[in-house]
Amino acid sequence: MKEIISCYNDKPFGYEFRLKSIFCSLFARFLELGEYKEKDAIEKHDFYVQHLLFDYIHTHFYEQITLDSLCDVAHYSKSYIIRLFKKYSGQTPAEYIIRYRVEHAKKLLSENHQNVLEVSFECGFSSVSYFIKIFSNRKLC
């Protein structure tokens, strides 16, 4: 650690390569000692990102959520986020968001005395006609 701190603070010419070398040696040592298991690390990381994204959707479903906004939240690429959603939900992010909105709309329509217009906007749909189309298709499935 002292070598890393010293190299970073002094910043000699080519220090970036030296830091990479130190970190590679450190990780190689972890692997030799059996302290790091790539599969476990990936699964833990996926689990963290998955919960971050799903929590974001569940708390912001009424807002416009795009793949770009999910990328901004998780700080990962579109392809990684799509792959993660497919792996854990069997759906694309857009499909998952729509399904979540429809489920929430079902709950609101059955519990409250709100009309379709209010529920559609409260659930993040941009128009009532789109909401009715999506709701009808999902309700039949």
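Scroll up to find the structure.
Description of the structure in this document. Worth saying up front: this structure is predicted, and the values here are computed from it rather than measured. (Residues numbered from 1 in each chain as written. Predicted model: local features only at pLDDT ≥ 70, side-chain atom pairs only at ≥ 80, totals over all residues. Heavy atoms only, no water.)

Moving on to unusual backbone geometry. The phi dihedral of Lys 11 is positive, around 50 degrees, even though this residue is not glycine. In this structure, Lys 11 sits in the loop between helix H1 (2-10) and helix H2 (15-33). One non-glycine residue, His 75, lies in the positive phi region at around 65 degrees. Secondary-structure assignment places His 75 in the loop between helix H4 (67-74) and helix H5 (78-89). By relative accessible area, His 75 is classed as exposed at 66%. (Helix = DSSP H or I, 4+ residues; strand = E, 2+ residues; numbered from the N terminus. Buried < 20%, exposed > 50% of the residue type's maximum accessible area, 1.4 Å probe, protein only.)

Let us look at the packing of aromatic side chains. Across all of its chains, the model carries 10 aromatic pairs by this definition. Measuring from centroid to centroid gives 4.9 Å for Phe 54 and Phe 85, while their planes differ by 50 degrees, and the two rings are tilted. Highlighted residues: Phe 54 in helix H3 (residues 38-60) and Phe 85 in helix H5, separated in sequence by 31 residues. An identical accessibility class is assigned to Phe 54 and Phe 85; each is buried. Between Phe 61 and Tyr 62 the ring centres are 5.7 Å apart and the planes differ by 80 degrees, which places this aromatic pair in the edge-to-face class. Using a relative accessible area of 8% as the deciding quantity, one classes Phe 61 as buried. Each residue in the set Phe 54, Phe 61, Tyr 62, Phe 85, Tyr 96 and Tyr 100 is aromatic and connected to the rest through ring pairs, giving one cluster. Note that Lys 11 overlies the ring of Tyr 8, its terminal NZ or CZ placed 3.9 Å from the centroid. (Phe/Tyr/Trp six-rings, centres within 6.5 Å; stacked < 30°, edge-to-face > 60°. Lys NZ or Arg CZ within 6 Å of the ring centre and 35° of its normal.)

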